[in-house]
Amino acid sequence: MDRKIRVGVIGLGHIAHIAELPALAEQPDVEIVAAYARSAVSIETAMSKYKIAKGCKSFEEFLEVEMDCAFVLTPKTTHYDYVIPLLEKGIDVFCEKPLEVSLARSRAMVEAAEKNNRILMIGFNRRYAPVYAKVKEAFQEKAPDVVIAQKNRNGSEYRATLENAIHMVDLLRWFCGEAVSVEAHSMYTDPNYEDLVTAQIRFDSGSVGMLVASRQAGQWVEKIDCYGGCQSAFVNAPDSVTIVNEQTEVRTAMTPLALGWARVEDKMGFTQEVAHFLACVKERRQPVTSGADAYKTHLLMNEILLKAGLPGME
């Protein structure tokens, strides 16, 4: 593709402004040809900050614009309604996680990408974050014996584990393989606004993964500890990762100071995932976090939710 990549953006809320729009704006081979949101004010705000050729008043108007790919950055309950028509029109799609709240709709989105020979990438940005990439590099193809993943914060949200802790479930799959058994527990007053989910997962590699996701924590914390092969890895996201071998020698250390120059979108992997998606569009190859691969994370998430006594994704 010799010309610029023509990109459309649907959804102009918080995630668009802290992640995808800044990343797209700095790509020299990208032209943002259209943007759509239900709020006219959101469209005006985005167009005042970024070089966007056209603000669309409806999704139908958005679909009429010639584009190569689209970013769907809307709430999870709306993904299906936007992604399917885009794929059927022959447009590659980057969709924020999760795919959908329903496994059936999630699977339909994956099948639509396959049927129309389009790229569907899901926004599991943690796989592209430098701290987690360092852990993957350290263990290479050998899965750690045990991975303890935590994503804790103060304050719940609708389907909190599916919305947010799914990042850690995806990382557990990435590090350990495919799940073969799951045990899980939860605490809640309203099962749609759970306060706590914990899970212990056995993977086909023999690894054990442990998930802790609290919504009653005193502060935001995201961390992973890995052990195996006579080494340990400790991530305090997004700023630091320490990897230690059997002689307790620190092999890699990224302190907050060392990464202090980086923007949050770089440290969290947002910039890298956008670049990866655009490269896949140009080179016609499947992304690391393709719809088909992401669907496996959703299957595991559904099992965790059900075993924890929470509403599943059926």
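Everything numeric here is computed off the predicted structure, so don't read it as measured data.

## Here we look at the overall build of the protein
- Assigned secondary structure in the protein consists of 10 helices and 14 strands.
- In summary, the protein has a C-alpha radius of gyration of 20 Å against a globular reference of 20 Å for 314 residues, a match within 12%.
- Viewed in the frame of its principal axes, the protein has a C-alpha envelope of about 55 × 40 × 40 Å.
- In the protein, which comprises 314 residues, the share counted as buried stands at 55%.
- Taking all contacts inside the protein whose residues are at least 6 apart in sequence as the whole, residues at least 24 apart take part in 67%.
- Surface exposure of the protein reaches about 13600 Å², of which carbon and sulfur atoms provide 50%.
- Each charge class in the protein can be summarised by its mean position, and for the 35 positive and 42 negative side chains these summaries are 2 Å apart.

## Points about the packing of aromatic side chains
- Throughout the structure, instances matching the rule amount to 9 aromatic pairs.
- The lysine or arginine in question, R107, covers the ring of Y295, its NZ or CZ lying 5.5 Å from the ring centre.

## Quick notes on the pattern of salt bridges
- Per the counting criterion, the structure on display carries 23 salt bridges.
- As a salt-bridge pair, D68 and R6 come within 3.1 Å of each other at their nearest N and O atoms. In this pair, D68 sits in the loop between α3 (59–63) and β4 (69–72) while R6 sits in strand β1 (residues 5–10), placing the two residues 62 residues apart along the sequence.
- When its relative accessible area of 23% is taken as the criterion, R6 is described as partly exposed.
- In this structure, R118 and D92 form a salt bridge, with 3.4 Å as the shortest nitrogen-oxygen distance. Within this pair, whereas R118 is found in the loop between α5 (103–115) and β6 (120–123), its partner D92 is found in strand β5 (residues 92–96), the two being separated by 26 residues in sequence.
- You can call R118 partly exposed: its relative accessible area is 21%.
- By relative accessible area, D92 is classed as buried at 1%.
- Put simply, R127, D170, R173, E178 and D293 are held in one network by salt bridges that share partners.

## Describing unusual backbone geometry
- Cis geometry marks the peptide bond from K97 to P98, where omega comes out at -15°.
- Within the secondary structure, P98 is located in the loop between β5 and α5.
- Following A237, the chain continues to P238 via a peptide bond in cis, the omega torsion being 0°.
- Along the chain, the position of P238 falls in the loop between β12 (231–236) and β13 (240–244).
- In this model, Q140 sits at a positive phi of 50°, which is unusual for a non-glycine residue.
- Mapping Q140 onto the fold places it in the loop between α6 (130–139) and β7 (146–154).
- A residue is classified by how much of its surface remains accessible, and Q140, at 57% relative accessible area, is exposed.

## Describing the pairing of β4
- Here β4 shows two buried faces, one formed by C69 and F71 and the other by A70 and V72.
- Bridge count for β1 against β4 is 4 bridges, and the pairing is parallel. Bridging from a neighbouring strand, G8 pairs with A70 of β4.
- Between β4 and its parallel partner β5, the chain crosses via helix α4 (residues 79–88), and the hand of that crossover is right-handed.

## Digging into the confidence of the model for the protein
- Confidence in the prediction of the protein, expressed as mean pLDDT, is 94, and 95% of residues score 70 or more.
- Predicted confidence for residues 256–261 stays below pLDDT 50, and this span has 7 contacts to residues more than four positions away or in other chains.

## Describing the sheet that holds strand β3 (residues 55–56)
- The strand order across the open sheet formed by 6 strands is β3-β2-β1-β4-β5-β6, and the pairing between neighbours is parallel. With one partner strand each, in any of the chains shown, β3 and β6 form the two edges of the open sheet.
- Sheet topology places β1 next to strand β2 (residues 30–36); 6 bridges connect them, and they run parallel. Bridging across to β2, V9 finds its partner in A35.

## So, the environment of G155
- Here G155 shows up in the loop between β7 and α7 (160–176).
- Looking at G155, the relative accessible area reads 28%, which means it is partly exposed.
- With 146 residues separating them along the chain, G155 and M301 place their C-alpha atoms 21 Å apart.

## Topic: α6
- For α6, every residue scored as buried is listed here: V131, Y132, V135, A138 and F139. Along α6, the residues classed as buried sweep out an arc of 120° about the axis, all on the same side.
- If you follow the buried residues of α6, they end up packed against α7, β11 (216–228), β12 and β13.
- Downstream of α6 by a residue or two, Q140 has a phi angle that is positive, lying close to 50°.

Rules used throughout
Position numbers for residues count from 1 along each chain, tracking the sequence in the order it is written. Local features in this predicted model are restricted to residues of pLDDT 70 or higher, and side-chain atom pairs are both shown and tallied only at a pLDDT of 80 or more, whereas totals for entire chains, interfaces and linings draw on every residue. Heavy atoms throughout the structure, all of them, feed into the side-chain values; hydrogens and water do not. Counting from the N terminus, the helices are the DSSP runs of H or I reaching at least four residues and the strands are the DSSP runs of E reaching at least two. Here the globule rule is a power law, 2.2 Å times the number of residues to the power 0.38, and the radius of gyration is based on C-alpha atoms. Exposed residues in this analysis have more than 50% of their type's maximum accessible area, buried residues have under 20%, and partly exposed residues fall in between, with area computed by a 1.4 Å probe over protein chains only. By definition, residues are in contact when any of their heavy atoms lie within 4.5 Å. Calculation of accessible area relied on Shrake-Rupley with a 1.4 Å probe; when residues are assessed, cover is drawn exclusively from the protein chains displayed. In summary, the charge assignment counts Lys and Arg as positive and Asp and Glu as negative, without counting His or the chain termini. Here the site of a charge means atom NZ of a Lys, CZ of an Arg, CG of an Asp or CD of a Glu. Pairing of aromatic side chains here covers Phe, Tyr and the six-membered ring of Trp, requires ring centres within 6.5 Å, and sorts the geometry by plane angle: under 30 degrees stacked, over 60 edge-to-face, intermediate tilted. Here, a charge over a ring means that NZ of Lys or CZ of Arg falls within 6 Å of the ring centre while also lying within 35 degrees of the ring normal. The rule for a salt bridge is simple: a side-chain nitrogen of Lys or Arg has to be within 4 Å of a carboxyl oxygen of Asp or Glu. By this definition, two strands are paired if DSSP reports at least two bridges between them. Crossovers are described as right-handed under a simple rule: with the strands pointing away from the observer, the path leading from the first strand over the helix to the second runs clockwise. How sure the predictor is of each residue is captured by pLDDT, a score from 0 to 100. The directions from the helix axis to the C-beta atoms form the arc being described.

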